[in-house]
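If you want the building blocks of each chain, they are given just below.
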Amino acid sequence: MDAKETSDDEMNMDDLHGNQKETDELASATEGTDRYIENQTDDDGSAEEEESDDEEEDDTEETYSLTSEGEINPLALTEFDPYQHSEHMEYEALADKKRKAILDYDDEGMPLGKKLRLEDYAPAELDELMAELTGRKRKSKKIKKRGRRKGSKKKMNPEITRKLGDATQKFAHGRYEEAIPLLKQIIRLVPNLPEPYHTLGLIYKAMGDKKNALNYYDLAARLTPKDVSLWKLCSTWAMELRFFGQACYYLDKAIKADPEDTDLRHFRASFLVDLGLHQKAAESYHQIWQLHPKNLEALKKAARLYQKCGQLERSINILEGYMKKNSNDSDVDVVRLLASFLMSESAHEKALQYIQDAFKELPVDLLVKAGICHVHLGNLETAEEFFGVLTRKNVNDCSDLVVEVADSLMSVKNHESALKYYLMLEGSTGSKKGLLNLNIGRCYQFLSARTQAIHYLYKALEELEDDIDARLDLASLLLEEDKEDEAISVLSPPSDSELRVGLTSDTRKPWWTEGKIKLKLSYIYKSKGSTKVFVETIFPLVRETLYLETIQRKARPKKRLPKSVLYKRLQVLDEYQSDNVFHGFRPIASSSDLSKAARAKKVLQKKETKRQEKRAAALAAGIEWQSDESDDDESPTYREPPLPNILKDDDQLTLIVDLCKGLVSVKKYWEALEIVTSSLKLAQNTLSTEKQEELRALGAQIAYNIDGPTNGWDCARYIVTQNPYSFAAWNCYYKIMLRSRLDKHKKFLQEKFVKHEDCIPVLLIKGHQFTMLSQHQAAASCYLKAYKLMPENALVNLCVGTALINLSLGLRLHNKHQCVLQGLAFLYNNLRLSENSQEALYNLARAYHHVGLVSVAATYYEKVLAVHQKDHPIPKLPNDGPEITDDLKPGYCDLKREAAYNLHLIYKNSGSVDLARQLLKDHCSIK
């Protein structure tokens with residue numbers, strides 16, 4: 001009893017009545033189709049009645065039924081939306097199968113073909129049954145089945161036969177236009193007859209219309225599902241028309257029709273490989289091997305394809321399964337493949353076990369693999385015994401094995417042994433000279449034989465000119481040998497670099513433009529002290545890197561794919577065509593690609609709907625419609641920065657600081673400020689506090705030297721925030737502040753004034769601001785607060801004195817004389833603290849001159865003229881260079897000219913013109 005019969009036993013009576021109703025409706029819908037058939041029943045005996053139900057069900061499962069009743073036209077399958085009709089056909093076939101199963105039940109819900117057990121009957125029914133059995137002739141045990149017996153046969157209507165013969169004759173004589181309508185007429189009358197579809201396919205093929213030919217062959221194949229040749233032909237034409245999903249569907253049907261056709265299974269698997277569907281191809285080859293265990297080629301292909309899909313563990317599992325079943329007669333290629341896979345997974349002990357258990361006498365390549373396993377297991381002496389098969393005599397025949405041995409020894413840091421095997425290949429013909437010389441050079445480099453390493457690396461660069469790592473290794477060795485100029489020449493562009501760039505068609509960047517090369521070159525220039533060349537070498541790379549990091553770190557908007565990408569994704573779903581018979585085949589693609597294609601289809605439909613709405617709105621408004629495709633511009637792709645770890649590597653962060661200092665030293669302030677600003681913005685979480693302080697000090701210094709220092713002001717503001725009591729920090733900030741609008745600094749200064757009430761620089765700067773605004777009373781208040789904190793400071797006393805003198809000249813001040821005296825007192829205090837310096841005397845003379853006490857002022861101006869003042873160095877910030885004082889001439893600290901000019905004004909106003917003229921000649925004339 002099969003599973004279907006068991007499930008049918010469990011149906012209740014309500015389900016039976018409902019299914020019977022559905023059956024009656026489906027049967028009435030198909031009566032018109034069966035009118036053309038003459039059923040003939042011949043009684044062929046009970047032997048034919050005993051055929052199994054399974055065979056009949058299989059036949060029904062594979063048969064499609066086309067109907068022409070109502071508005072359904074079989075020919076519409078080739079013209080309109082055939083996939084819906086295909087689904088309807090499959091539904092009808094399934095319903096027919098279900099109807100047949102339901103009709104095979106009796107009134108009590110038991111299958112007709114099922115023999116009832118005694119315990120299934122009620123007691124009364126059992127007595128009646130026994131009486132009936134004993135009193136009457138015994139009936140046949142076999143219950144007669146419904147439906148056509150195996151020997152029965154459907155005969156075609158003679159009129160249909162005649163028309164089909166006429167159509168075939170017209171096709172044979174090349175009268176296609178007459179045959180096509182006749183065949184279509186036959187299809188309308190007999191939709192389930194495969195011959196007219198097949199003939200129409202032949203006609204359209206002869207006319208060169210492969211698409212229509214495929215449509216009709218498809219229908220013919222569905223009506224004769226066990227005709228393998230038709231499925232094969234359909235798959236061939238689908239491949240020619242590039243309907244790959246359809247082709248795979250036909251191949252599956254052909255394999256189902258002839259499961260024993262191994263060549264067909266191989267063809268399907270290779271076709272999937274050509275499509276790039278390695279996962280499905282691997283599964284196909286795996287099935288072939290399972291059906292034919294002796295087909296080891298399929299096993300090996302399946303294992304390789306699983307590995308290509310990233311399922312190396314599955315590859316190993318199927319190969320190990322073969323090894324367990326054939327432990328005494330293993331195939332050498334399978335062992336070789338399994339050992340390679342296990343070694344790639346670092347399972348060397350397991351690989352060694354399989355190699356040793358497979359054969360008593362191992363071939364050379366497996367001996368070498370066994371030796372490599374011993375190398376990775378630490379058994380170097382045992383490995384050397386296995387490697388004994390490799391000699392200089394057979395090195396030309398085993399060059400790949402020698403390279404494999406040397407590489408394995410090099411991977412475990414046994415460079416001396418690896419060098420021995422590499423040198424065996426030096427004179428061979430089968431090895432790659434460039435790579436061989438490179439490996440020999442690196443072995444010598446690890447063995448500290450720098451002279452030999454340099455020699456072989458030069459030889460390697462003759463073959464591998466674009467190998468960046470080889471050039472860097474060679475440059476490092478030359479630097480260790482104190483050959484800086486030679487290292488620079490190795491890393492510098494060739495003399496014909498511009499010509500090479502113009503002639504080559506390769507899209508790769510030339511080796512001399514790589515970031516690693518320029519970075520190494522810049523370190524060499526930096527160590528040599530060549531600041532200008534160092535800046536020219538590394539600045540473009542650092543600038544480009546910071547720029548890319550800035551634009552690619554910003555919060556990206558939602559990605560909008562261009563139409564070109566959307567259409568490319570949609571190609572996966574373009575397997576079906578509007579004029580294709582069954583265009584509902586599942587496309588051949590991975591699930592992720594199918595989901596992407598479905599999303600692309602929705603996006604394109606939405607864009608098209610919006611475009612139509614805009615077009616309709618424009619036409620309704622009477623505006624000429626112009627399609628705007630600007631929103632389909634491609635999104636910027638990610639670009640790899642030349643120095644990808646510049647903000648993470650400590651050495652490269654130090655390089656940024658050195659670059660900024662170098663830019664400042666060559667007076668490229670704006671470039672330096674750009675680097676400082678970008679670095680602080682991008683690496684604020686990775687830079688150490690020392691590096692941040694250093695960069696901000698550089699930014700403040702740069703702002704100190706250039707105009708318009710917006711970003712530099714940020715650096716200076718940060719410095720004074722971190723060091724609010726530092727006079728040097730506030731000096732820098734104040735100088736930068738004086739170059740911009742003062743109102744933009746008020747808020748910051750007010751915050752510092754409130755937060756640090758005892759900060760003398762803030763009080764002085766705020767007093768200076770009030771003085772510049774002629775608010776002398778407020779300025780005097782700030783200066784006096786500073787005086788309380790630092791009474792013995794000459795500058796504070798000077799500021800308080802000048803503020804009080806200026807305040808005394810105000811019109812609304814009542815006690816002017818007291819204010820003047822207080823101001824002079826502070827100025828005298830400044831004179832005392834400055835030890836009667838020329839500057840203090842001049843300030844006191846100016847104060848007397850300002851309040852109108854010209855006689856006293858003349859006395860102090862004369863004292864200024866009598867003092868010989870030496871030049872003092874100009875105060876500088878910590879990072880100021882020597883160029884600040886380069887333009888100063890001797891006597892820049894002497895105030896005699898200023899004092900003489902002011903004194904001559906006093907003499908001139910008092911009438912002593914000659915004396916005034918003499919002062920100008922002595923002190924203010926240009927020589």
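Residues numbered from 1 in each chain as written. Predicted model: local features only at pLDDT ≥ 70, side-chain atom pairs only at ≥ 80, totals over all residues. Heavy atoms only, no water.

Here's the deal with the overall build of the protein chain
Scanning the protein chain from terminus to terminus reveals 45 helices and two strands. Each of the 927 residues in the protein chain was classed as buried or not, and the buried ones make up 40%. Surface exposure of the protein chain reaches about 53,400 Å², of which carbon and sulfur atoms provide 50%. (Helix = DSSP H or I, 4+ residues; strand = E, 2+ residues; numbered from the N terminus. Buried < 20%, exposed > 50% of the residue type's maximum accessible area, 1.4 Å probe, protein only. Areas by Shrake-Rupley, 256 points an atom, 1.4 Å probe, with all protein chains shown as cover.)

A word on the pattern of salt bridges
As enumerated under the stated definition, the model contains 24 salt bridges in all. Between Asp 914 and Arg 917 there is a salt bridge, with the nearest N and O atoms lying 3.0 Å from each other. One end of the pair is Asp 914 and the other is Arg 917, both in helix H45 (residues 913-923) and three residues apart, which spans about a single turn. Linked through salt bridges whose partners overlap, the residues forming this network are Glu 297, Lys 300, Asp 333, Arg 336 and Asp 365. (Salt bridge = Lys/Arg side-chain N within 4 Å of Asp/Glu carboxyl O.)

Re the packing of aromatic side chains
Where two aromatic rings form a pair, the distance of their centres and the angle of their planes describe that pair. On inspection of all chains with the given rule, the structure shows 14 aromatic pairs. Judged by centre distance (5.7 Å) and plane angle (20 degrees), the rings of Tyr 444 and Tyr 456 are stacked. Of this pair, Tyr 444 sits in helix H23 (residues 433-446) while Tyr 456 sits in helix H24 (residues 450-463), and the two are 12 residues apart along the sequence. Look at Trp 511 and Trp 512: their rings are 5.5 Å apart centre to centre, the planes differ by 85 degrees, and that puts the pair in the edge-to-face class. Classification of Trp 512 as buried rests on a relative accessible area of 11%. Ring pairs connect the aromatic residues Trp 231, Tyr 249 and Tyr 250, which therefore count as one cluster. Looking at Lys 863, its charged tip hangs above the ring of Tyr 860, at a distance of 4.6 Å from the centre. (Phe/Tyr/Trp six-rings, centres within 6.5 Å; stacked < 30°, edge-to-face > 60°. Lys NZ or Arg CZ within 6 Å of the ring centre and 35° of its normal.)

Side note on the packing of helix H42 (residues 838-851) against helix H43 (residues 854-866)
Relative to each other, H42 and H43 sit at 160 degrees, their axes nearing to 8 Å. With respect to each other, H42 and H43 are oriented roughly antiparallel. In terms of crossing hand, the pair formed by H42 and H43 is left-handed. For the pair formed by H42 and H43, the contact residues are Gln 838, Leu 841, Tyr 842, Leu 844, Ala 845, Arg 846, Tyr 848 and His 849 on the first element and Val 854, Val 856, Ala 857, Tyr 860, Tyr 861, Lys 863 and Val 864 on the second. (Axes fitted to C-alpha atoms, helices over the stretch in contact; angles between N-to-C directions. Parallel < 35°, antiparallel > 145°, perpendicular 65-115°, else oblique. Left-handed = near helix turned anticlockwise from the far one by under 90°. Contact = heavy atoms within 4.5 Å.)

Points about helix H32 (residues 650-665)
Over its 16 residues, H32 runs 23 Å from end to end, which matches the ideal 22 Å to within 8%, given 1.5 Å per residue. Looking only at H32, the buried set comprises Gln 652, Leu 653, Leu 655, Ile 656, Val 657, Asp 658, Leu 659, Cys 660, Gly 662, Leu 663 and Val 664. Downstream of H32 by one or two residues, Lys 667 has phi in the positive range, about 65 degrees. (Expected span 1.5 Å × (residues − 1).)

Re the packing of helix H26 (residues 484-491) against helix H28 (residues 515-528)
Interhelical geometry of H26 versus H28 gives an angle of 155 degrees and a closest axis separation of 10 Å. Comparing their axes, H28 and H26 come out roughly antiparallel. The chirality of how H26 crosses H28 is left-handed. For the pair H26 and H28, contact is made by Glu 484, Asp 485, Ala 487, Ile 488 and Leu 491 and by Ile 517, Lys 520, Leu 521, Ile 524, Tyr 525, Ser 527 and Lys 528, respectively. Residues of the contact of H26 with H28, tallied by class, amount to seven nonpolar, one polar and four charged. (Nonpolar A, V, L, I, M, F, W, Y, C, P; charged D, E, K, R; others polar.)

A closer look at helix H12 (residues 244-257)
With 14 residues, H12 extends 20 Å from end C-alpha to end C-alpha; this agrees with the ideal 20 Å at 1.5 Å per step. With 10 of 14 residues buried, H12 lies mostly within the body of the structure.

Topic: the nonpolar core
In terms of nonpolar packing, the biggest core is built from 160 residues, with Leu 319, Ile 538, Val 542 and Ile 656 touching the most fellow members. With residues near it in sequence (within four places) discarded, Leu 319 still touches Leu 299, Ala 303, Val 334, Leu 337, Leu 338 and Phe 341. With 27 residues, the next largest nonpolar core counts Leu 831, Ala 840, Leu 841 and Val 864 among its residues. (Core = buried A, V, L, I, M, F, W, Y, C linked by side-chain atoms within 4.5 Å.)

Side note on unusual backbone geometry
Note: most peptide bonds trans; most residues except glycine with negative phi. Non-glycine residue Ser 448 carries a positive phi angle of around 65 degrees. Note that Ser 448 resides in the loop between H23 and H24. Here the phi dihedral of Ser 774 falls at roughly 65 degrees; this positive angle occurs in a residue that is not glycine. Relative to the elements of secondary structure, Ser 774 occurs in the loop between helix H38 (760-772) and helix H39 (776-789).

Re the environment of Lys 896
Along the chain, Lys 896 turns up in helix H44 (residues 896-909). On a C-alpha basis, the gap between Lys 896 and Tyr 861 in space is 8.6 Å, while along the polypeptide they are 35 residues apart. Excluding residues within four positions of it along the chain, Lys 896 makes contact with Gln 838, Val 864, Leu 865, Val 867, His 868 and His 923.

Notes on the confidence of the model for the protein chain
Regions with low pLDDT should not have their predicted coordinates read in detail. Overall, the predicted model of the protein chain reaches an average pLDDT of 76, with 72% of residues at or above 70. With pLDDT under 50 throughout, residues 68-72 is counted as low confidence; its partners more than four residues away or in other chains account for eight contacts. Taken together, the stretch residues 630-635 has pLDDT below 50 and engages in eight contacts with residues farther than four places along the chain or on a different chain. (pLDDT = per-residue confidence, 0-100.)

Overview of the environment of Arg 175
Examined against the element boundaries, Arg 175 turns out to sit in the loop between helix H7 (158-172) and helix H8 (176-189). Taking the relative accessible area as the measure of exposure, Arg 175 reaches 39% and is therefore partly exposed. For the pair Arg 175 and Ile 203, spaced 28 residues apart in the sequence, the C-alpha separation amounts to 9.4 Å.

Things to note about the environment of Ala 899
With respect to the helices and strands, the residue Ala 899 is situated in helix H44. For the pair Ala 899 and Tyr 842, spaced 57 residues apart in sequence, the C-alpha separation works out to 6.9 Å.

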